[in-house]
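So you can see what is in the structure, the chains are spelled out below.
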Amino acid sequence: MPEMQTIEQFAQAMEKEDIKSLKHHTTMKFSKVALRDKSSLDDLKVLKIPTGEATIVEIKDVSENHKKVVVEVGKNKKKLLYELKKVTKTGEWVVDDIYINQKHKNLNVMKSVSEQMDLLLTIREFVDAWEHGNRDDILASTDGEFKETLDQLQPAFLAKLAKRVSGNSSKSKWKKPDAQLDKNIAIIRLDRRSGQMIITMKLKDGKWKATDVAVESRVDGQHVKSAKKEARMLLAVSNFLDAYNQNDKVALKKYSADKFYQGSLNFGDLKVAPLPDSNVAAADYELKTEGDLANFITQNNGKMVNLSILKIESDEMDIPDQYLIEEVTLFKDHGNQQITLTSLFSSRAITLLFNEALTKHDIKILGFSSTPDLSTRVWDKVSPNLVAQLPVDDIAQPGFEILDIDFNGSVTKVHARQGNLPLTYILRDHLGQLLVDDIELDLQGRPASVKATLELLVQIQNYAYDIHENNIRNLQRHSSRDFNELVWRQVDRVPKTAYPIPELLMSKLTSMELNENQGLARIKLGDDQRGATVLIKKQHDEYVVDDIMIHSDKVASRYVSSKKELRLSMAANSGTLRQNAAFQATYTISSDSKPEEITPISIPEVEPAAFEVPQQEP
């Protein structure tokens, strides 16, 4: 019978591993699909097609040139279905395909040998392409979104990804992959030396193409959960680095998480923190994934750089998930110091903003860019009428320049130069935002802390303004108990003797001695000929004025206590006293003798030009 003769010739050629004879006894379609490679014979063995004595069970004529033949092979009588076709030119019958009845999860499934061979050979070609890292072959083995992403990758990125996926070739014999087929989709598990490769393939236009691949490695840290996802992460990194080095902020916004862009890159000077370009980064990198987060670690001039990648899941089925750069961390001092671009750029920006606000005496911006402690102790206490005379000239000169930035946890130190004056801005993290907490500078005769200095100077200026405005209540609040008992609680109005004091208190700071432990301060303003020394003490956790020593060259000591002078002036001029005020007189007048005339120390009265009539705020 021609059917039996055809089947026996095919089986004999397969047993002899005679690929030439196999091609002769099969159709062109079968040869091109199942016998297209020299490794086809090995894969035929992997399929374990039953051989041995065959008995024809049934013959079905589909057409004049097409037959379906069911045979039982071997002692176990394994059933095979042969599809035979007649060659038009020679009239010879040849094998067009073979179907093997296989049990899978209690189901009998007829699987085509040509389809299985095509899949096996495709798997071989896929593994070979990824092992050798040929770009064109890798792209040819893939399809869909996977192929599109790989095609956009830098060659170095693709080569490194291919090496991670392929691992080391297994020296053991080629084993039959575990393939699960469902219509046009196949999931193949293939044992490799480093672990197991899981390839997802899709049949399109009669050809199997990989749509993703994963690796379950025996080595910790070498797993590849999804090559397609890793490729998209690498593409996000590549696009970000290219946009960063081109200073293209429009593109950076596209490839960065919104919070990262708005809070850092949007206003940052990218030249301050150079990053490697994509080619350099691809040469040596490590990609660590965990859930929806990943870290891309590479080197830049010998220093480690970490790009944090965030996965943004899409709500639409046909729109793929998005990968964006969430943060960039720079490692300095052999990894002991970590600096994020957000901290770097925001620290520079907030420092420049703060310095500009100092120059412009902009209290609102100063408060916005300061910690609550600095705002409470200084800016909130500045009288609106004294903003223009804010005592910050030393730290608000032209020529501000940032020299270096040190990061240490929640504290950041910005080293800068203000003209010829070196200073350090102290920034602290407050609710995730860096704010100016203090400025440190080294000037002889004053505290290093600008916050501590301004806290007292602002209080002195406010005190001067209260004297000028005749605000007895405020003077009482900000004076020591002794000063109040001797002066401010005894009067309804500021004595004329105090009129020159405001202008003297507005003099430039000469020196400041501050002992925070004892709660005492001595502030010298102006010079020895014209100025004042203010004595301050801490009372109920608040600094208050205890005395004001007026500088005068008309007395031997050169210093006159305002507290005592005002007391004497009040005693000599009863009209300045509050009515019914009860106080112990500092001297007595006898009825038997003429009282000794007390001549108060004369201090020239100067109109306080520093306090002009306050204008209404616009």
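Below you will find a few notes about this structure. The model shown is predicted, which means the values in this text are computed figures rather than measured ones.

## What about the pairing of strand β9 (residues 207-217)?
Here is step 1: Here strand β8 (residues 195-204) runs beside β9; their pairing, made up of 10 bridges, is antiparallel. Opposite Q196, over in β9, you have E216 as the bridge partner.
Here is step 2: In sequence, β8 turns back onto β9 through a hairpin of 2 residues, with D205 there showing a positive phi of about 55°.

## A look at the pattern of salt bridges
Here is step 1: What the rule picks out here adds up to 25 salt bridges.
Here is step 2: As a salt-bridge pair, D96 and K29 come within 3.5 Å of each other at their nearest N and O atoms. One end of the pair, D96, is in strand β4 (residues 93-104); the other, K29, is in helix α3 (residues 28-34), and 67 residues separate them in sequence.
Here is step 3: Overall, K29 belongs to the partly exposed group, its relative accessible area being 48%.
Here is step 4: As a salt-bridge pair, E356 and K360 come within 2.9 Å of each other at their nearest N and O atoms. Of this pair, E356 and K360 are both found in helix α13 (residues 341-360), 4 residues apart, which corresponds to roughly one turn of the helix.

## Observations regarding the packing of aromatic side chains
Here is step 1: Under the counting rule described, the total for this entry stands at 13 aromatic pairs.
Here is step 2: Between F126 and W130 the ring centres are 5.3 Å apart and the planes differ by 35°, which places this aromatic pair in the tilted class. Here F126 pairs with W130, and both are found in helix α5 (residues 113-132), just 4 residues apart, close to one helical turn.
Here is step 3: Ring centres 5.7 Å apart and planes at 75° place the aromatic pair F400 and Y425 in the edge-to-face group. Of the two residues, F400 is situated in strand β15 (residues 400-408) and Y425 in strand β17 (residues 421-430); the sequence distance between them amounts to 25 residues.
Here is step 4: In textbook terms, an aromatic cluster arises when at least three aromatic residues are bridged by ring pairs, as seen for F354, W379, F400 and Y425.
Here is step 5: Stacked on the ring of Y285, the Lys or Arg K160 has its end atom at 4.2 Å from the ring centre.

So, how was this worked out
The residue count restarts for each chain, going from 1 along the sequence in the order it is written. Selection of residues for local features in this predicted model requires a pLDDT of at least 70, selection of side-chain atom pairs for listing and counting requires 80 or more, and totals for whole chains, interfaces and linings are taken over all residues. Side-chain numbers come from the whole structure's heavy atoms, not from hydrogens or water. Should DSSP find at least two bridges between two strands, the strands are regarded as paired. Numbering of helices and strands runs from the N terminus; a helix is a DSSP stretch of H or I covering at least four residues, while a strand is a stretch of E covering at least two. In the sections that follow, a salt bridge refers to a side-chain nitrogen of Lys or Arg positioned within 4 Å of a carboxyl oxygen of Asp or Glu. Relative accessible area decides the class of each residue, using a 1.4 Å probe on protein chains only: under 20% of the type maximum gives buried, over 50% gives exposed, and in between gives partly exposed. Geometry of aromatic contacts follows a simple scheme: Phe, Tyr and Trp rings, the Trp one being its six-membered ring, pair when their centres are within 6.5 Å, and the pair is stacked under 30 degrees between planes, edge-to-face over 60, tilted otherwise. Note on criteria: charge over ring means Lys NZ or Arg CZ within 6 Å of the ring centre, with the direction from the centre no more than 35 degrees off the ring normal.

Any functional reading would require information beyond the geometric quantities listed.
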